[in-house]
Amino acid sequence: MTTIEQLPQKQFHADHLNHRIPVGISACLLGDNVRFNGGHSRSTYCDQHLSDYFDYQKFCPEVAAGFGTPRPTLRLEGNPEAPRMTYSNQKGGDVSDVFMAASQPYIEQLGHLDGYILMKNSPSCGLERIKVYQENGHPHMQRTVGLFTRALKARYPFLPVEEDGRLNDPMLRENFLTRVFAHHEFRHCVNAKPSMKALIAFHSRYKYLVMAHSQSAYKQLGKMLSGNDPRTLDELKAAYFEVFMTALSQPAKRKNHCNVLMHLIGYLKRSVDSSIRQDILNVVEQYRREEVNLATPVALLHHYLKHHGSQYVQEQRYFAPYPSALGIRNTI
């Protein structure tokens with residue numbers, strides 16, 4: 001089977017992947033009975049809808065630490081900035097070192113992942129709003145992240161990470177998938193065989209997707225690759241990746257999508273009749289007014305660009321940042 005590295009770069013496309021993307025996941029979300037009560041929290045969306053595209057690598061840090069199943073409930077106590085893990089019904093019992101002794105070596109082996117899906121509300125894996133208890137038994141007003149998630153994000157600050165519950169939000173789901181597939185492409189097309197040519201080719205494909213997320217990042221990345229940056233390739237590549245993934249970390253706003261669509265319509269100025277361009281503009285306006293979903297103007301515009309646009313615009317990842325079969329843009 002042809003691997004992704006053997007494909008011409010222009011063929012690297014979300015709809016054409018011949019392998020699944022490596023993504024970490026909390027084991028309970030795939031139906032493993034590893035929760036404190038001996039049960040699971042299987043996510044239908046993760047286990048069914050995304051499993052065709054993701055090669056899951058599951059892990060339960062609490063089981064890995066030897067806490068057993070079932071087990072007494074765990075919670076975070078102390079300083080919200082640096083909490084300790086304890087059993088809820090045992091005062092003074094700090095199991096943080098035992099927990100991290102199992103988690104940290106595992107985390108060090110995850111450089112090949114392109115994303116991670118975590119269990120919500122967990123003192124181990126929660127991404128946000130995790131309670132930290134005071135000595136009087138009441139939680140602090142300030143919430144935090146789970147201990148495993150804190151260490152994961154510290155080690156891989158630009159790895160796309162999301163909670164299973166937040167994936168029910170169409171905007172957050174779309175944003176997570178965009179980041180996972182972009183992270184995967186950068187890792188294979190730029191990091192695998194670093195060169196300025198590969199970095200520029202990647203940027204050329206992602207220009208309008210970046211523009212949809214951040215105008216300032218769009219300008220900053222373009223300046224980086226203008227040929228005037230004095231940094232070495234490794235330094236430039238690392239700086240580019242940081243700005244790129246940071247830009248994508250915030251969901252694209254409707255007005256930014258409209259701006260990108262208007263720019264792309266410009267590529268039809270000399271090849272398509274003005275009445276057709278006006279029809280497309282009318283659909284973009286319908287999207288701006290929230291009368292149709294993003295898939296409608298994107299599909300219409302992409303149809304004409306496939307027939308009348310240049311190869312450069314046809315290869316823009318903006319049109320398909322993830323497999324179209326997922327139907328994500330029908331929901332935003």
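Please refer to the structure higher up on the page.
Residues numbered from 1 in each chain as written. Predicted model: local features only at pLDDT ≥ 70, side-chain atom pairs only at ≥ 80, totals over all residues. Heavy atoms only, no water.

S.K.: Mind showing me how you'd approach the layout of surface pockets here?
M.R.: Empty space among the atoms becomes apparent when a probe as large as a water molecule is rolled across them. By volume, the largest pocket amounts to about 430 Å³. Listing elements by their share of the lining of the largest pocket, those giving two or more residues are α2 (61–64) and β3 (74–77). Here the lining of the largest pocket gets three residues from one element, more than from any other, and that element is β3. Per-class residue counts for the lining of the largest pocket are 15 nonpolar, five polar and seven charged. (1 Å grid on protein atoms, 1.4 Å probe; cavity = no way out; pocket = protein on both sides within 12 Å on 5 of 7 lines; lining within 4 Å. Points joined across faces, edges and corners; volume = space filled by probe spheres on them. Helix = DSSP H or I, 4+ residues; strand = E, 2+ residues; numbered from the N terminus. Nonpolar A, V, L, I, M, F, W, Y, C, P; charged D, E, K, R; others polar.)

S.K.: Which parts of the structure should I look at to understand the sheet that holds strand β5 (residues 116–118)?
M.R.: As a general point, the strands of a sheet are linked pairwise by backbone hydrogen bonds and lie either parallel or antiparallel. Spatially, the four strands line up as an open sheet ordered β2-β1-β5-β7, and their pairing is parallel. In this open sheet, the two strands that pair with only one neighbour each are β2 (54–59) and β7 (161–163). When the angles between neighbouring strand axes are averaged without regard to direction, this sheet yields 25°. One ladder, built from three bridges, connects β5 with β7; its direction is parallel. Note on β7: the bridge partner recorded for Y116 is V161. This element, helix α3 (residues 96–107), spans β2 and β5 of the sheet and lies at about 155° to β2. (Pairing = 2+ DSSP bridges. Axes fitted to C-alpha atoms, helices over the stretch in contact; angles between N-to-C directions. Contact = heavy atoms within 4.5 Å.)

S.K.: Sorry if this is basic, but what is going on with the pairing of strand β1 (residues 21–26) here?
M.R.: The two faces of the sheet receive side chains in turn, since in a regular strand these alternate between them. Taken across its six residues, β1 has six buried, putting it largely inside the fold. Of the two faces of β1, the one carrying I21, V23 and I25 and the one carrying P22, G24 and S26 are both buried. Bridge count for β1 against β2 is six bridges, and the pairing is parallel. Directly across from S26, in β2, lies its bridge partner F59. Since β1 and β2 lie parallel, the crossover through helix α1 (residues 44–49) that links them has a hand, and here it is right-handed. Across two bridges, the pairing between β1 and β5 is parallel. The partner of I25 across the bridge, within β5, is I117. (Buried < 20%, exposed > 50% of the residue type's maximum accessible area, 1.4 Å probe, protein only. Right-handed = clockwise from strand over helix to strand, strands pointing away.)

S.K.: What is the right way to look at the nonpolar core in this model?
M.R.: Nonpolar side chains tend toward joint burial in soluble globular proteins. Core analysis: the largest hydrophobic core is formed by 52 residues, its most contacted members being F54, Y56, Y116, I117, F148, L152 and L177. Contacts of L152, omitting those with residues within four sequence positions, involve I107, L110, Y116, L159 and V161. (Core = buried A, V, L, I, M, F, W, Y, C linked by side-chain atoms within 4.5 Å.)

S.K.: Help me understand the packing of helix α9 (residues 254–265) against helix α10 (residues 274–288) in this model?
M.R.: A pair of packed helices can be characterised by two numbers: the angle between their axes and the separation between those axes. Direction vectors running N to C along α9 and α10 enclose 175°, while the axes themselves pass 10 Å from each other. Here α10 runs roughly antiparallel to α9, going by the angle between their axes. Every residue of α10 that contacts α9 at R254, H257, C258, L261, M262 and I265 is listed here: R277, I280, L281, V284, Y287 and R288. (Parallel < 35°, antiparallel > 145°, perpendicular 65-115°, else oblique.)

S.K.: What is the right way to read the environment of R84 from this model?
M.R.: Considering the arrangement of structural elements, one finds R84 in strand β4 (residues 84–87). Relative accessible area serves as the criterion here: at 33%, R84 is assigned to the partly exposed category. As a C-alpha pair, R84 and P123 span 39 residues in sequence and 9.8 Å in three-dimensional space. When sequence neighbours within four positions are dropped, the list of residues in contact with R84 reads R75, L76, E77, G78, D94 and S96.

S.K.: Before we go on, may I ask you to explain the packing of aromatic side chains in this structure?
M.R.: Centre-to-centre distance and the angle between the planes together describe a pair of aromatic rings. Considering all chains together, one arrives at 19 aromatic pairs under this definition. Where F158 meets F241, the ring centres are 6.1 Å apart and the plane angle is 85°; that geometry is what we call edge-to-face. Placement of the pair is F158 in the loop between α4 (147–155) and β7 and F241 in helix α8 (residues 233–248), with a sequence separation of 83 residues. Taking relative accessible area as the criterion, F158 reaches 25% and is therefore assigned partly exposed. Each member of the aromatic cluster is reached from another via a ring pair, and the members are F158, F186, F202, Y206, Y240, F241 and F244. Note that R173 overlies the ring of Y45, its terminal NZ or CZ placed 5.3 Å from the centroid. Just above the ring of Y318 sits the side chain of R329; from NZ or CZ to the centre is 4.8 Å. (Phe/Tyr/Trp six-rings, centres within 6.5 Å; stacked < 30°, edge-to-face > 60°. Lys NZ or Arg CZ within 6 Å of the ring centre and 35° of its normal.)

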